Amino acid sequence: MVDVLLGLQWGDEGKGKIVDYFAKDYDLVARFQGGPNAGHTLYVGDKKVVLHQIPSGVFHPGKLNLIGNGVVLDPVTLKRECDTVASFGVDLRQNLFISERTHLILPTHRALDKASEGSKGQQKIGSTLKGIGPAYMDKTGRNGIRVGDILDKNFTTTYIKLRLKHQKLLDNYGFNEDISQWEEEFFEGLEFLRQLNIVNGEYFINEQISKGKRILAEGAQGSMLDIDFGTFPFVTSSNTISAGVCNGLGIAPQHIKDVFGVTKAYCTRVGGGPFPTELEDATGEELRRIGNEFGATTGRPRRCGWIDLVALKFACMVNGVTKIVMTKADVLDAFSELQVCTSYKINGKETDQIPFRLDKAPLEPVYRKFPGWDTPSISAKTESDLPSTMKSYVAFINDYLGVNVHYISNGPGRDQLIKVG
Ligand code: GDP
Ligand code: IMO
Ligand code: MG
């Protein structure tokens with residue numbers, strides 16, 4: 001049995017914290033897409049940890065963690081991350097497994113990401129520059145190198161061949177930065193990776209399913225960053241939606257049960273691209289300050305705005321969301337009035353559907369106003385402690401989406417999560 005947990009907005013919904021909380025009820029946590037562009041924050045005791053590639057179940061003793069074939073893996077970041085995780089006493093040889101089909105991010109992929117973004121000017125995506133796009137391009141272009149290849153005696157030849165190909169592309173861009181230091185770290189990272197558990201991911205996970213184990217697939221990024229269904233071209237390069245679980249892990253769709261969709265009680269986006277409910281005013285500034293909305297991977301300030309139910313309903317539809325987790329409800333404690341976007345006005349016509357090019361549509365969000373919470377939510381422990389105004393806000397969202405919020409997160413801590421409904 002496989003449940004999925006993924007983001008419904010433009011990323012950073014709080015997936016890491018929720019996976020960490022849910023992990024106790026599962027035997028295996030698996031990442032199925034994305035790479036070190038992700039930054040998933042969780043707390044081990046009072047220590048904050050940001051995971052980029054390792055699944056967020058890793059701090060639970062006895063649980064297995066799999067980096068699936070749909071991920072693109074940077075051995076440099078992985079080594080660094082493993083060192084951090086190991087410093088908490090976690091034995092990664094016991095609980096971390098990596099699919100041999102997972103594609104590698106090469107230093108030249110990072111360079112190509114930088115060169116490509118640099119050439120885009122105003123139209124730049126705002127990539128995290130971790131090499132994600134170029135690595136996935138080599139996968140679909142059938143040039144990429146996979147984790148299993150590093151065990152081959154001809155690996156160096158394969159690497160040099162691809163590196164030379166990349167060099168031509170870099171020359172075309174006029175990119176002439178010295179990346180020899182990156183390459184040195186890359187080879188150190190590969191040495192480290194060779195010592196980890198490299199497995200045939202699809203047999204590994206299907207054996208777990210056959211044994212009746214419970215699996216949680218952990219999404220990265222968010223549904224609105226999906227390569228097919230997001231705000232293209234301002235998206236990432238993988239399928240972030242639930243369909244990505246099947247080809248990102250090698251499992252059949254009938255094994256998937258619940259799809260948990262995580263949304264903030266408001267909305268953020270980091271990087272370029274359309275964001276209909278963005279607040280470029282003092283309220284947006286307040287959301288950023290109180291919500292501490294700065295990227296976990298790049299430190300960039302996140303753009304902030306009200307919750308967008310048009311986008312959320314779309315995300316629920318394409319993912320088949322069965323249960324919603326609402327995070328950062330406590331951040332709204334400070335606001336006396338809240339707004340919820342219920343439709344878009346495009347060229348004077350109201351719609352509750354996402355248009356083909358959200359970035360091209362002259363769009364005005366239509367809002368419904370709600371009173372702020374009458375009492376702070378941060379100290380609430382149970383549903384009955386939650387402010388009644390928050391309950392009305394959530395009831396309206398449940399009604400609009402046709403899917404219910406099952407958990408409300410009211411703080412970054414592991415235990416600040418309340419089951420509702
Ligand atoms: P992810 O990428 O979806 O895992 O999310 P990030 O870790 O990038 O960003 C979420 C941020 O919000 C992190 O700093 C979390 O510690 C924090 N966070 C998560 N849930 C809550 C919550 O309910 N309230 C508050 N105040 N912070 C939260
Ligand atoms: P988590 O898993 C938020 C954004 C980047 C950029 C676009 C493409 O922490 O939610 P890429 O590096 O993939 O080429 O960037 O996607 N982006 C994210 N935004 N959270 C993330 O991951 C993101 N991963 C990528 O800012 O706009
Ligand atoms: Mg993040």
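Above this text you will find the structure in question.
The structure contained in this document is the topic of the report that follows.

### Focus on the side chain of His103
With respect to the element layout, His103 can be found in strand E8 (residues 103-104). Not counting residues within four places of it along the chain, the set of residues in contact with His103 comprises Asn69, Val71, Val72, Leu73, Lys139, Gly144, Ile145 and Arg146.

### Quick word on the site of ligand 1
Taken together, the neighbourhood of ligand 1 is formed by 19 residues, with Lys15, Gly39, Thr41, Asp330 and Ser409 sitting nearest. Here Lys15 contributes a backbone N or O atom positioned 2.8 Å from an oxygen atom of ligand 1. Note that a nitrogen atom of ligand 1 is positioned 2.8 Å from one of the side-chain N or O atoms of Asp330. Mapped onto the shell around ligand 1, the elements with two or more residues apiece are helix H1 (15-22) and strand E3 (40-44). Its residues assigned to classes, the shell around ligand 1 comprises four nonpolar, eight polar and seven charged.

### Considerations on the packing of helix H11 (residues 309-319) against helix H12 (residues 388-401)
Running from N to C, H11 and H12 point in directions that differ by 55°, and their axes come no closer than 10 Å. Classified by the angle between their axes, H11 and H12 sit oblique to one another. At the point where H11 passes H12, the crossing takes the right-handed sense. Two secondary-structure elements touch here, H11 through Leu309, Val310, Leu312, Lys313 and Cys316 and H12 through Phe396, Ile397, Tyr400 and Leu401.

### Observations regarding the environment of Ile378
Along the polypeptide, Ile378 turns up in the loop between strand E18 (363-371) and H12. Overall, the relative accessible area of 42% leaves Ile378 in the partly exposed class. Taking the C-alpha atoms as reference points, Ile378 and Ala38, separated by 340 residues in sequence, lie 27 Å from one another. Apart from residues no more than four positions distant in its own chain, Ile378 is found in contact with Asp330, Asp333, Asn410 and Gln416.

### Regarding the site of ligand 2
Every one of the 20 residues lining ligand 2 counts as a neighbour, but Lys15, His40, Thr128, Gln221 and Thr236 are closest to it. Within the side chain of Lys15, a nitrogen or oxygen atom sits 2.7 Å from an oxygen atom of ligand 2. A distance of 3.3 Å separates an oxygen atom of ligand 2 from a polar backbone atom of Ile125. Against a free-state accessible area of 550 Å², the protein chains account for coverage of 97% of ligand 2. When the residues that make up the shell around ligand 2 are grouped by side-chain class, the tally is seven nonpolar, ten polar and three charged.

### Structural notes on the coordination of the magnesium ion (ligand 3)
Within the protein, Asp12 (OD) and Gly39 (O) serve as the donor atoms for the magnesium ion (ligand 3), at 2.1 to 2.2 Å. Of this pair, Asp12 sits in the loop between strand E1 (2-7) and H1 while Gly39 sits in the loop between strand E2 (28-31) and E3, placing them 27 residues apart in sequence. As far as burial versus exposure is concerned, Asp12 and Gly39 are alike and both buried.

### Some words on the sheet that holds strand E7 (residues 96-99)
Judged by pairing direction, the sheet is mixed, and its ten strands sit side by side in the order E9-E7-E5-E2-E10-E1-E11-E15-E19-E20 without closing on themselves. The open sheet has two free edges, formed respectively by strand E9 (197-199) and strand E20 (417-419), since each of these has just one partner strand. Each adjacent strand pair in this sheet contributes to an overall mean axis angle of 25°, direction not counted. Two strands pair when backbone bridges link them, and strand E15 (residues 323-327) and strand E19 (residues 405-409) are joined in this way by three bridges, in the parallel orientation. The partner of Val325 across the bridge, within E19, is Tyr407.

### Re the pattern of salt bridges
One pass over the full model with this rule turns up 16 salt bridges. A salt bridge links Arg288 to Glu285; the nearest nitrogen and oxygen atoms lie 3.2 Å apart. Pair noted here: Arg288 and Glu285 are both in helix H10 (residues 282-290), with a separation of three residues, about one helical turn. You can call Arg288 buried: its relative accessible area is 15%. Residue class for Glu285 comes out partly exposed when judged on its relative accessible area of 45%. Its salt-bridge partner being Asp359, residue Arg357 comes within 2.6 Å of it at the nearest N-O pair. Among the residues examined, Asp359 registers a relative accessible area of 27% and is labelled partly exposed.

Quick notes on the rules
- Residues numbered from 1 in each chain as written.
- Chains lettered and ligands numbered in written order.
- Predicted model: local features only at pLDDT ≥ 70, side-chain atom pairs only at ≥ 80, totals over all residues.
- Heavy atoms only, no water.
- Helix = DSSP H or I, 4+ residues; strand = E, 2+ residues; numbered from the N terminus.
- Contact = heavy atoms within 4.5 Å.
- Near = heavy atom within 4 Å.
- Polar contact = N/O pair within 3.5 Å; in protein donor to acceptor, adjacent residues only side chain to side chain.
- Nonpolar A, V, L, I, M, F, W, Y, C, P; charged D, E, K, R; others polar.
- Axes fitted to C-alpha atoms, helices over the stretch in contact; angles between N-to-C directions.
- Parallel < 35°, antiparallel > 145°, perpendicular 65-115°, else oblique.
- Left-handed = near helix turned anticlockwise from the far one by under 90°.
- Buried < 20%, exposed > 50% of the residue type's maximum accessible area, 1.4 Å probe, protein only.
- Areas by Shrake-Rupley, 256 points an atom, 1.4 Å probe, with all protein chains shown as cover.
- Donors = N, O, S within 2.8 Å, 3.2 Å for Na, K, Ca; no water.
- Pairing = 2+ DSSP bridges.
- Salt bridge = Lys/Arg side-chain N within 4 Å of Asp/Glu carboxyl O.

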